[in-house]
Each structure stands twice: as C-alpha cells, then as structure tokens.
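Single-letter residue listing:
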Amino acid sequence: MKRNDDICDVAGILVGHDTNLDAVTGCTVVLCASPAVGAVDVRGGAPATRETDLLSPVAMMRETHAITLSGGSAFGLDAATGVARALEARGIGYDVGVTRVPIVPAASLFDLGIGRSDVRPDAESGARALAAATSGPVALGCIGAGTGATVGKMAGLEWAVKCGIGSASAVHPVDNYTVGALVAVNAVGDIYDVATGRLVAGARDPSGQGWLRREKGSAPATQAYSGANTTLVVVATDAPLNKSDLTKVAQLAHDGLALAIRPAHTPLDGDIVFALSTGQDAASAPPVTPIKLSDIGVLAVDAVTRAIVKAAQTATSLGGTPAVRDLNWR
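Residues numbered from 1 in each chain as written. Predicted model: local features only at pLDDT ≥ 70, side-chain atom pairs only at ≥ 80, totals over all residues. Heavy atoms only, no water.

Moving on to the overall build of the protein. If you tally the helices and strands in the protein, you get four helices and 16 strands. The C-alpha radius of gyration of the protein comes to 18 Å, within 12% of the 20 Å expected for a compact globule of 330 residues. Here the C-alpha coordinates of the protein stretch approximately 60 × 45 × 35 Å along the principal axes. Residues classed as buried in the protein amount to 57% of the 330 residues present. Here the analysis covers contacts within the protein between residues at least 6 apart in sequence; of these, 79% occur between residues at least 24 apart. If you sum the accessible surface of the protein, you get close to 12,600 Å²; carbon and sulfur atoms cover 52% of it. Put simply, the protein has 26 plus and 31 minus side-chain charges, and the middle of one group is 4 Å from the middle of the other. (Helix = DSSP H or I, 4+ residues; strand = E, 2+ residues; numbered from the N terminus. Rg over C-alpha atoms; globule rule 2.2 N^0.38 Å. Buried < 20%, exposed > 50% of the residue type's maximum accessible area, 1.4 Å probe, protein only. Contact = heavy atoms within 4.5 Å. Areas by Shrake-Rupley, 256 points an atom, 1.4 Å probe, with all protein chains shown as cover. Lys, Arg positive; Asp, Glu negative; His and termini not counted. Charge placed at Lys NZ, Arg CZ, Asp CG, Glu CD.)

Here the focus is the pattern of salt bridges. The tally for this structure, following the rule as stated, stands at nine salt bridges. Between Asp-95 and Arg-100 there is a salt bridge, with its nearest N and O atoms 3.9 Å apart. Assessed through its relative accessible area of 44%, Asp-95 is described here as partly exposed. Taking relative accessible area as the criterion, Arg-100 reaches 37% and is therefore assigned partly exposed. For Lys-292, the salt bridge identified is with Asp-175, shortest N-O distance 3.6 Å. Of the two residues, Lys-292 is situated in helix α4 (residues 290-313) and Asp-175 in the loop between β10 (165-171) and β11 (178-186); the sequence distance between them amounts to 117 residues. On the basis of relative accessible area, Lys-292 is assigned to the partly exposed category, the value being 26%. Because the salt bridges share partners, they merge into one network encompassing Asp-5, Asp-302, Arg-306 and Lys-310. (Salt bridge = Lys/Arg side-chain N within 4 Å of Asp/Glu carboxyl O.)

Moving on: the pairing of β10. With six of its seven residues buried, β10 lies for the most part within the structure. Of the strand pairs in this sheet, β10 and β11 are connected by seven bridges, and their pairing is antiparallel. For Ala-168, the partnering residue across the bridge sits in β11 and is Ala-181. (Pairing = 2+ DSSP bridges.)

Let's shift gears to helix α3 (residues 243-260). If you check α3, its first and last C-alpha atoms are 26 Å apart, about what 18 residues at 1.5 Å a residue would give, namely 26 Å. For α3, the complete set of buried residues consists of Lys-243, Asp-245, Leu-246, Thr-247, Val-249, Ala-250, Ala-253, His-254, Gly-256, Leu-257 and Ala-260. On its buried face, α3 sits against β2 (25-42), β12 (190-193), β14 (230-237), β15 (261-262), β16 (272-277) and α4. Among the residues of α3, the N-terminal cap falls to Asn-242, whose side-chain oxygen and the backbone nitrogen of Ser-244 are separated by 3.2 Å. (Expected span 1.5 Å × (residues − 1). Polar contact = N/O pair within 3.5 Å; in protein donor to acceptor, adjacent residues only side chain to side chain.)

A word on unusual backbone geometry. Of the consecutive residues Gly-136 and Pro-137, the connecting peptide bond is found in the cis state with omega at 0°. Inspection of the secondary structure puts Pro-137 in the loop between α2 (123-131) and β8 (150-151). If you check the backbone angles, Val-24 has positive phi at about 60° while not being a glycine. Mapped onto the elements of the fold, Val-24 is located in the loop between β1 (13-20) and β2.

At their nearest, the axes of α3 and α4 sit 8 Å apart, and the two run at 40° to each other. Classified by the angle their axes make, α3 and α4 are oblique. The crossing of α3 and α4 is right-handed. Seen from α3, the contacting residues are Asp-245, Lys-248, Val-249, Leu-252, Ala-253, Asp-255, Gly-256, Leu-257, Leu-259 and Ala-260; seen from α4, they are Leu-293, Ile-296, Gly-297, Ala-300, Val-301, Val-304, Thr-305 and Ile-308. Within the contact of α3 with α4, the residues separate by chemical class into 12 nonpolar, three polar and three charged. (Axes fitted to C-alpha atoms, helices over the stretch in contact; angles between N-to-C directions. Parallel < 35°, antiparallel > 145°, perpendicular 65-115°, else oblique. Left-handed = near helix turned anticlockwise from the far one by under 90°. Nonpolar A, V, L, I, M, F, W, Y, C, P; charged D, E, K, R; others polar.)

The next subject is the packing of aromatic side chains. Applying the stated criterion to the full structure yields zero aromatic pairs. The aromatic ring of Phe-75 is capped on one face by Arg-120, whose charged end is 3.7 Å from the ring centroid. Taking the ring centre of Tyr-192 as reference, the NZ or CZ of Arg-262 above it sits at 3.9 Å. (Phe/Tyr/Trp six-rings, centres within 6.5 Å; stacked < 30°, edge-to-face > 60°. Lys NZ or Arg CZ within 6 Å of the ring centre and 35° of its normal.)

Put into structure tokens, the structure is as follows:
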C-alpha cells in the first residue's frame, strides 16, 4: 500500500475538513470506517472537550465512531453534534435498542482572536466535514480545525505566525503496525524540529527581524490568554490495543508535544491527545507486552513531532498573521 505519511495510512481511518476562510475557523473530523477503540489523555489546564469520560479505561464504552476537532473555543464543540446526527442518519452508532448513538468525542482550540470571533464551527460545519471525509492524502495547513491556528504568541498575537493541520505516520519495523498522527497546532510556544534541534516557527521579534527566542531556549511569555496554547492531537494505529494499553499510547504521545513545542501543557492551554485502535478485535484484545507497547508509543511520538513541524511548514498567511514561508528574513 502506498504511504502518504499521514494518519490515513492507518487502515480504517478517514479525514474530512470544513473551512471558513472568511471567519478564519473550521473543523476536522477523523472518521472510523468501523467502530474503533478510543482513549484520551488531557494534559492542558483549560481544555474544551466533549465525551472524553467515555474513553476512560473504566468506562463501559468500547467503541468510538469519530473524533471531532474544531476551532471556536467551547462554542466549536457544537460541530460534534452535527457529526453525531449525520452518523445516526447513516445507521452508525452504539446500539441502544431504539436507535444508535454515535460516540463522537471532541475538542476545540481557541482561535477567536483571529478572524471573526462571532462565527464558530457549528453542527452544519461538522456535518460538512464528515461528508468530506476520505482515506487521504490528508490536506494540511490552514484548513479545518487548523484554519485559525497560530503559534509563537510569546509577545502577543500580533507577533505570532500561522500554523494549522499537520499529519505523519510511522511503521513498526518488525510487526508492520502503522501509527499515524493528526495535529491542529495552536501553541503559545515555539515549534522545534526534533531531528535537527532547529526552531522552525515561533514568536517573531518586535524588531521585525528574527525570532524572539533567546540563545538557549524559547523566550519567556510577555502575554498569555486562556486557550492560546492548545494543540489537539489524534493518534491512530492498526495494532489491536485494548483501552488500557491505548490510554498508555495517548500518554506517551504527549512526549511528542513536549519535544516539539516549548512550552506545552501549561495551565492556560487545552492540550489533548485522542488515541484510536482500528485493529481487528481490539475491544477485547489482551494486553500487549510492555516492550511492544513502548515501541508503539515511540512511533506515536515520532509521528506527532513530525506532524507538528508539517503544520507550521504547510501553513499559509491568513487573517493578518504571516506564515513562516512568507517571512522575508527566513
């Protein structure tokens, strides 16, 4: 199978976007072709989420049908309602006898400071993103939930740069399991290429030339606001993992945020990692060995770090905020 180096390299994963360029916001749906096992790990101190409790290993639910990521802060969670309604119309969901209830966990990032703060992704936006879902390649950059994403807000939004959606995948060299990641990066911190240690996007110096960061690490924040540091992540794998093991993968994947974004997981952010397993019989899969679980976690970290860099590299200037590709001193 041809690899596109994105989350859709994982069998059974589809991605769709809905984008509002005028309002500079949007939403993204990660659709499971068949019910998947879901897990989550929330590290940010100010998350905007829906149905994350169902993904706990102690919760009874063993199937997830889609994940919705959106802009619009807490208002944007309405997009998941449209996804759930559209899935119900398709006959997809958890069978409760009288109907099927789609399980659609969701999270939103704060993009109200760019574009129009009074226009947010709604149920119709979610339904359109679901209808657009395909098996890849995944469209990257300023699209979907990443439309209004920015990074490098150490000196305030006016010195930030655009970011957006990124995605990458990795394959286990022995077992051939695929692990993919999709990210919507809206960080207050700077983005680093882990492979080279190079800063690839961040707060611009108010002088108009160069980055604000100091020689050894990123600059201290001079301004901060709730939700500025939100990075939303979906990690998927075709390895058959139960909810407990998949939760550990979600935890390990957060290392990718900490490596590529400085700072991450602050009290004001909403950083979150969802994890999905599309592997056959994953819902009843026995625990895997600690070594194999660690291997899958390492692949998740690799995919997340590279996806974050892609989110910055593929972004375009929008809403008065320049992209890295358009900085004349780069």
